[in-house]
Amino acid sequence: PPSIGSQRDPETGQHMPVPFLEHRVNGQYIIEGLSAGFLFSLGGVGFVFLDWSNDKVVSKRNRYLLLLSGVLCIAIAYNLCLLFIRMKIPNYMNSD
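What comes next concerns the included structure.

**Notes on the nonpolar core**
Then, number 1: Phe20, Leu39, Leu42, Cys73, Ala77, Cys81 and Phe84 together form the largest nonpolar core, which totals seven residues.
Then, number 2: In terms of residues, this core owes the most to one element, helix α2 (residues 60-88), which gives four residues.
Then, number 3: Dropping the residues within four chain positions of it, Phe84 is found in contact with Phe20, Ser35, Ala36 and Leu39.

Okay, here's the thing in C-alpha cells:
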C-alpha cells in the first residue's frame, strides 16, 4: 500500500499529497495508520502516568506533574483521534 495518496487540485491541475484516505473507514495509507497508532499509544501512556501518580512513594510535586501530563496526553490523543475521524469521514457526528 502507498504511504500517502495524491489528488489533483481542481484549480491548478497539479497533484497534491493526501495523507487520509477519505470515505473509506477500513482503508488507510501507511502514514495515516502510523499516526493513528501513535495517538492510541499516547493515550495509553497517559493512563500509565495516571496510574503512576497513585503510587505512595511519589512526592506531591511529582504526583501533580504525573496527573497533569497524564490528563494532557489523554486529552490530546482523544481530540486528535476525533479530528482524524472527522477528516476521514466528513460530516461525522454533525447535527446538521
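**Regarding the side chain of Lys88**
Then, number 1: With respect to the helices and strands, the residue Lys88 is situated in helix α2.
Then, number 2: Setting aside anything within four residues of it in sequence, one finds Lys88 in contact with Leu21, Glu22, His23, Arg24, Val25, Gly27, Gln28 and Glu32.

**Observations regarding the packing of helix α1 (residues 30-52) against α2**
Then, number 1: Taken N-terminus to C-terminus, the directions of α1 and α2 make an angle of 155°; their axes are 7 Å apart at the nearest point. With respect to α2, the axis of α1 lies roughly antiparallel. Along this stretch, α1 crosses α2, giving a crossing that reads as left-handed.
Then, number 2: Residue classes in the contact of α1 with α2 are distributed as 18 nonpolar, five polar and two charged.

**Let's talk about a nonpolar patch on the surface**
Then, number 1: Nonpolar side chains collect at one region of the surface, where Leu68, Leu72, Ile76, Leu80, Leu83 and Met87 lie side by side and expose about 500 Å² of accessible area between them.
Then, number 2: By the secondary structure assignment, Leu83 is in helix α2.

The rules we used
Residues numbered from 1 in each chain as written. Predicted model: local features only at pLDDT ≥ 70, side-chain atom pairs only at ≥ 80, totals over all residues. Heavy atoms only, no water. Core = buried A, V, L, I, M, F, W, Y, C linked by side-chain atoms within 4.5 Å. Buried < 20%, exposed > 50% of the residue type's maximum accessible area, 1.4 Å probe, protein only. Helix = DSSP H or I, 4+ residues; strand = E, 2+ residues; numbered from the N terminus. Contact = heavy atoms within 4.5 Å. Axes fitted to C-alpha atoms, helices over the stretch in contact; angles between N-to-C directions. Parallel < 35°, antiparallel > 145°, perpendicular 65-115°, else oblique. Left-handed = near helix turned anticlockwise from the far one by under 90°. Nonpolar A, V, L, I, M, F, W, Y, C, P; charged D, E, K, R; others polar. Patch = residues over 30% accessible without salt bridge, like charges linked within 9 Å, V, L, I, M, F, W, Y side chains within 5 Å. Areas by Shrake-Rupley, 256 points an atom, 1.4 Å probe, with all protein chains shown as cover. Salt bridge = Lys/Arg side-chain N within 4 Å of Asp/Glu carboxyl O.

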